[in-house]
Amino acid sequence: MTIRLGGIIVGLAITAVLVLWSLVPGFINFAFGPPPEKQASYAFYEHGEGPEGGFSFDGPMGKWDVAQLQRGYQVYKEVCAACHSLKFVAFRNLQQLGYTEAEVDAEAASWTVPGLDPNTGEPTTRPGEPTDYFPSPYPNAIAAAAANNNAIPPDLSLMTKARHDGSNYVYDLLVGYGEADPEKAAKLGFETPPGLYFNKHFPNVNIAMPQPLVLDGQVSYADGTEATIPQMAKDVAAFLTWTAEPSLVQRKQTGWFVLGFLLFATALAFLSYKQIWAGMKPKKK
Ligand code: HEC
């Protein structure tokens, strides 16, 4: 009896402590107001919803849309590659996007990669080969920072894995540019400093990346798809999902196979249980 009572009291005490603890941030907020440097970005940040209709690879039955990946690659090449590297992706990986070996050779050769002069050993550049990785547009981090208001454009190979809900996030980020509501900004003393750009879907709201997709038709798609800003954003987000996890679709398919196998194994286990106990009679009372 006393043990049970003790248990109840300890349980209540733990619950009380947890409840009080959960009230601490609210109390701090109430007593001291939200941290000032965060106040403004909280007021302007809006969580995005990703592209309308979602991605073809969403969900357990998701599949790549290879034409979309090709379009996304084109957007990366013609727009993002001016600032962002893709250092974990090699040109030969493009074969997975439905390009033939010859096309990959030609594609690689259209890029310039760092090389060494075979005679002097001096650093030079040369056309890419299928085994090369996508180069950085800058010779080093200092040059990258100097060209971008002190912010280094991050490598995009794994970006959709490095951010929560990354495919949707990349899409939202690319369509999130605009102006802060001037009235609200004046009230909160919020401003976008020179060299930064307002983006409601960037957690910090002011981002050092100028809006990369600014014009409908900024790239011309070979497959005739209309290159609106949301379309280009969706395509490049899909492409960057592929660079971060080329085996995504395979992983999902393997999952179904494993589930099927487990179901089969469960049925076998159940049948063998029946078989083993078949001769046993229940004990009479
Ligand atoms: C003019 C150079 C430039 C171009 C072009 C550019 N970016 Fe950026 N990007 C930047 C810089 C600089 C940052 C770092 C921003 C910061 O930390 O404030 C950045 C950051 C990012 C981030 C990371 C944001 C985060 O959450 O930290 C993503 C994702 C991104 N860029 C995607 C793209 C895509 C996709 C394209 C092509 C459609 C592109 N960028 C084109 C300069 C560029």
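The residue count restarts for each chain, going from 1 along the sequence in the order it is written. Given that the model is predicted, a residue must reach a pLDDT of at least 70 before its local features are reported, and side-chain atom pairs must reach 80 or more before they are shown or counted; all residues, however, enter totals for whole chains, interfaces and linings.

Before going further, it helps to spend a moment on the overall build of the protein. A run of DSSP states H or I qualifies as a helix once it reaches four residues; a run of E qualifies as a strand once it reaches two. Both are numbered from the N-terminal end. The helix and strand tally for the protein stands at 10 helices and six strands. Only C-alpha atoms enter the radius of gyration, while the globule expectation follows 2.2 Å times N to the 0.38, with N the number of residues. The C-alpha atoms of the protein give a radius of gyration of 28 Å, which is well past the 19 Å a tight globule of 285 residues would have. In terms of overall dimensions, the protein has a C-alpha envelope of 95 × 65 × 45 Å along the principal axes. A total of 285 residues make up the protein; the buried ones form 21% of that total. Here the contacts in the protein between residues at least 6 apart in sequence split such that 63% fall between residues at least 24 apart. Buried residues are those with 20 or more other C-beta atoms within 10 Å of their own C-beta, exposed residues have 12 or fewer, and partly exposed residues lie in between; C-beta atoms are placed from the backbone. Note on contacts: residues are paired as contacts if their backbone-placed C-beta atoms lie within 7 Å.

UniProt positions are given in the numbering used here, feature names are shortened, and annotations may be inferred rather than shown by experiment. Look at the UniProt record and you will see "domain: Cytochrome c" (unreviewed entry) annotated at residues 67-244. End-to-end, the C-alpha atoms of residues 67-244 are 18 Å apart, and along that stretch the chain is 37% helix and 12% strand.

Quick look at helix 10 (residues 248-277) now. Taking 1.5 Å of rise per residue, 30 residues should cover 44 Å, and helix 10 covers 43 Å from first to last C-alpha, within 8% of that figure. Counting buried residues along helix 10, only zero of its 30 residues qualify, which leaves the element largely exposed. An expected span of 1.5 Å times one less than the residue number is assigned to each helix.

Near, for a residue, is defined by distance from a backbone-placed C-beta atom to a molecule or strand, with 6 Å as the limit that must not be exceeded. The ligand sits among 23 residues. The nearest are Cys 80, Cys 83, Ala 208, Met 209 and Pro 212. Residues are grouped as follows: Ala, Val, Leu, Ile, Met, Phe, Trp, Tyr, Cys and Pro are nonpolar; Asp, Glu, Lys and Arg are charged; every other residue, Gly included, is polar. Its residues assigned to classes, the shell around the ligand shows 20 nonpolar, two polar and one charged.

The next point concerns the nonpolar core. For this entry, the nonpolar core is defined as buried Ala, Val, Leu, Ile, Met, Phe, Trp, Tyr and Cys residues connected by C-beta atoms within 7 Å. Val 170, Leu 174, Ala 233, Val 236, Ala 237, Phe 239 and Leu 240 are the most contacted members of the largest nonpolar core, which totals 35 residues. Broken down by secondary-structure element, the contributors of at least two residues to this core are helix 3 (66-78), strand 1 (86-90), helix 7 (166-175) and helix 9 (229-244). No other element matches helix 9, which puts nine residues into this core. Each residue touching Val 170, except ones within four places of it in the same chain, is listed here: Met 159, Thr 160, Ala 237 and Leu 240.

On to helix 7, then. Where burial is concerned, most of helix 7 is hidden: nine out of the 10 residues are buried. Tucked into the core, helix 7 has its buried residues touching helix 6 (159-162) and helix 9.

Here we take up the environment of Tyr 221. Mapped onto the elements of the fold, Tyr 221 is located in the loop between strand 6 (206-207) and helix 9. The residues contacting Tyr 221, other than those within four sequence positions of it, are Arg 71, Gln 74 and Ala 227.

A fitted line through C-alpha atoms serves as each axis, taken over the contacting stretch for helices, and the angle formed by two N-to-C directions is quoted from 0 to 180°. Contact pair helix 3 / helix 9: the axes reach a minimum separation of 7 Å and the direction vectors enclose 100°. Accordingly, the angle class assigned to the pair helix 3 and helix 9 is roughly perpendicular. Contacts between helix 3 and helix 9 involve Gln 68, Leu 69, Arg 71, Gly 72, Tyr 73, Val 75 and Tyr 76 from the first element and Met 232, Asp 235, Val 236, Ala 238, Phe 239 and Trp 242 from the second. Among the residues making up the contact of helix 3 with helix 9, the classes are represented as nine nonpolar, two polar and two charged. Angular relationships are summarised with four words: roughly parallel below 35 degrees, roughly antiparallel beyond 145, roughly perpendicular across 65 to 115, and oblique for the angles in between.

Phi at Asn 149 takes a positive value of approximately 55°, unusual for a residue other than glycine. Here Asn 149 is to be found in the loop between helix 5 (141-147) and helix 6. Since 14 C-beta atoms lie within 10 Å of it, Asn 149 is described here as partly exposed.

Attention shifts here to the UniProt feature "transmembrane region" (unreviewed entry) in the protein. As annotated by UniProt and renumbered to match this structure, "transmembrane region" (unreviewed entry) occupies residues 7-32 and 255-273. The distance separating the terminal C-alpha atoms of residues 7-32 is 38 Å; by composition the span is 100% helix and 0% strand. Structurally, residues 255-273 is divided into 100% helix and 0% strand, and its ends, taken at the C-alpha atoms, are 27 Å apart.

Now for the packing of helix 7 against helix 9. Two numbers describe how helix 7 lies on helix 9: the axes approach to 8 Å, and their chain directions differ by 150°. Judged by the sense of rotation from one axis to the other, the crossing of helix 7 with helix 9 is right-handed. Along the contact surface, helix 7 presents Ser 167, Val 170, Tyr 171, Leu 174 and Val 175, while helix 9 presents Ile 229, Pro 230, Ala 233, Lys 234, Ala 237, Leu 240 and Thr 241. A class-by-class count of the residues in the contact of helix 7 with helix 9 yields nine nonpolar, two polar and one charged. When the near helix sits turned anticlockwise from the far one by under a right angle, the crossing is termed left-handed; a clockwise turn instead gives a right-handed crossing.

It is worth spelling out the environment of Asp 58 at this point. Tracing the backbone shows Asp 58 in the loop between helix 2 (36-44) and helix 3. According to the C-beta neighbour criterion, Asp 58 is partly exposed, with 14 such atoms within 10 Å. Considering only alpha carbons, one finds Asp 58 and Val 249, 191 residues apart in sequence, at a separation of 9.5 Å.

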